[in-house]
Every structure is written in C-alpha cells, then in structure tokens.
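Topology and contacts: notes
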Amino acid sequence: QPRRLDSLFPRLAAECAQPRALDALKTALTKAQDRWEQRVTELVALEGLTLDLAFQRYPDSFAAARQLGRRITLYVGPPNSGKTHAAFERLAQALDGAYLAPLRLLALEGRDRLVARGVPCSLLTGEENVPADDARVVSSTIEMVNTRKAIDVAVIDEAQMLFDISRGWAWTQAIVGVPANEVIVICSDYAVAAIEKLLGLCGERCTVRHFERKQQVQLLPAAVPIASLKLGDAVVAFSRKDVLML
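Now for a look at the structure at hand. In this convention, every chain numbers its residues from 1, walking through the sequence in written order. Restriction of local features to residues with pLDDT of at least 70 applies here, the model being predicted, together with a cutoff of 80 or more for giving and counting side-chain atom pairs; totals for whole chains, interfaces and linings are based on all residues. Only hydrogens and water are set aside when side-chain values are computed; all heavy atoms of the structure are taken into account.

Notes on the sheet that holds strand S3 (residues 121-124)
This is how it is decided: Strand pairing follows a simple DSSP-based rule, namely that at least 2 bridges must link the two strands. Helical segments are the DSSP runs of H or I of at least four residues, strand segments are the runs of E of at least two, and each set is numbered from the N terminus.
Reading across from one edge, S4-S3-S5-S2-S6-S7-S1-S8 is the order of the eight strands in this open sheet, with mixed pairing throughout. Each end of this open sheet is capped by a strand with a single partner; those strands are strand S4 (129-130) and strand S8 (206-210). Where strand S6 (residues 151-156) and strand S7 (residues 180-187) come together, five bridges link them in parallel fashion. By the bridge assignment, Val 155 is partnered in S7 with Ile 184.

Written out as structure tokens, the structure is:
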C-alpha cells in the first residue's frame, strides 16, 4: 500500500532512535514493519466493509435488532485481564441470553461456565444441538447466532476476528444483527475503531470498558530455539500449518 507509507516511516524512525546492536535493530525494524502491514491490511478491509455495507443497506436487513435500541459495550483488554469473566458474570444474571464463541471448544467451555454458576444453558454448534431443560442461555459458535429472537443479553467473543478473510462475515452479522437489549463485545484494542464504525452504520453507539492484565508478561530479548525447550514449557501457534511445522 504505497499511499500509506507515510505511516510506516515514523515507526521505523522510532526504532532507529533507540541505541541497540545491529541484529537487534534489524529484528525491531522487521517487527515494526510487520505490525504496520497488519494494520494497513485491517484499514483496507474496514474501508471496503464500510462501503459495501452502506451501499447494500445491510444493517436494515436485521429488523429485530434495529427495533430494540440496543445498549452496546466493548470489553477491551489483553489476555488474562478479566474481560471474559466479567462478561460471563453479566450473562449469568440475564433473563435470557447468548454466548457467541469463535470455536466449538470455547462454546462448550462457555456452556460449562454458566452451568457451574447454576444457569441452565444449551449448546449449539455446527455439529451439535444439546438443549438443556429450562435453559435461559444458549452457548453457540458465532455462525449459529439467532438474529430473529429478541433476548436480554448477548456476549460476542473475540470480535477482532471481524478482520478474518474467511470468517469475518460471522462477526459482522452478529455485531450488526443480534437482537439483544444489551450487547457485550469482547475484543482487542485494535478492533475498537472498526467496531465503532460498523455500529455507526447501524445508527448506534457503544461505550468502551478497558481491562488491565492481571499479571504482567515480560518478553525475552530474543527468540527461544526449539531445541532449548524444557519440560513444562508451552509453545502456542495460531494456525494448523504452524502447529504441524513445529
């Protein structure tokens, strides 16, 4: 994206301003450029999304959501900051509601969380439909969102997935179309602007609640070689390909 290069140069200059060894500087510059490329990709996707949805009057196709006057709050923060716990505490108090998860395993975990709080909860994924007696809440994968039945509280998890090329449509649909009096959207900080713009197309606004990490994480100065891993260490990867490569 040549027209956005003006936003890359200040990032690189900031890294160069810090005295460090040449190898460390190269690593820092590469990371800065990677972060810039990711941000540019997100901005381009957001521009296209805004134009497409506004042109097609997409929000108007969810009549139930548009009629409610929804109250929307973004729960924003890093991992281990308590935002998901706080969302479940609110959902457990709801008259009825839904937890919308990115993965089947997280939908299952959400169902177990609510049951542990004494809240009857059904499970609904692309593979499973497990109703519970007297269920007030359904825990489901994001694609299974019900956009027709009005509920009290909906929790949308991992909403930064809005930018995902193959599945982003599901978060767009849920954010725009879930018919809940109160909508809690759990997301990373970098997704806030996109979600605010998306809600703006619906004529809605949101409030942002920030959460701080409970325990601080310190990055090591250099990558850890695979050969030096010890018993009890964990390696986290974010794609099937990366897992297989490791």
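More follows now that the structure is in view.
Structural notes on the side chain of Gln 173
We count it as follows: Any two residues whose heavy atoms approach within 4.5 Å at even a single point are treated as in contact.
Turning to its location among the elements, Gln 173 is positioned in helix H6 (residues 168-177). In this view, Gln 173 contacts Tyr 58, Phe 62, Glu 143, Val 145, Thr 147 and Val 178; residues no more than four positions away in its chain are not counted.

Some points on the layout of surface pockets
Quick note on the threshold: Lining residues are those with an atom within 4 Å of a point, where the points come from a 1 Å grid over the protein atoms alone and group into cavities, where a 1.4 Å probe fits but cannot get out, or pockets, open sets with protein on both sides within 12 Å along at least five of seven lines. Grid points are joined across faces, edges and corners, and a volume is the space filled by probe spheres set on the points. The residue classification treats Ala, Val, Leu, Ile, Met, Phe, Trp, Tyr, Cys and Pro as nonpolar and Asp, Glu, Lys and Arg as charged. All others, Gly included, are polar.
In this model, the largest pocket occupies a volume close to 710 Å³. For the largest pocket, the lining is made up of 16 residues, of which Gln 160, Met 161, Asp 164, Tyr 190 and Phe 238 are closest to its centre. The element that contributes the greatest number of residues to the lining of the largest pocket is helix H2 (residues 22-56), accounting for four residues. Of the residues belonging to the lining of the largest pocket, the class tally is nine nonpolar, three polar and four charged.

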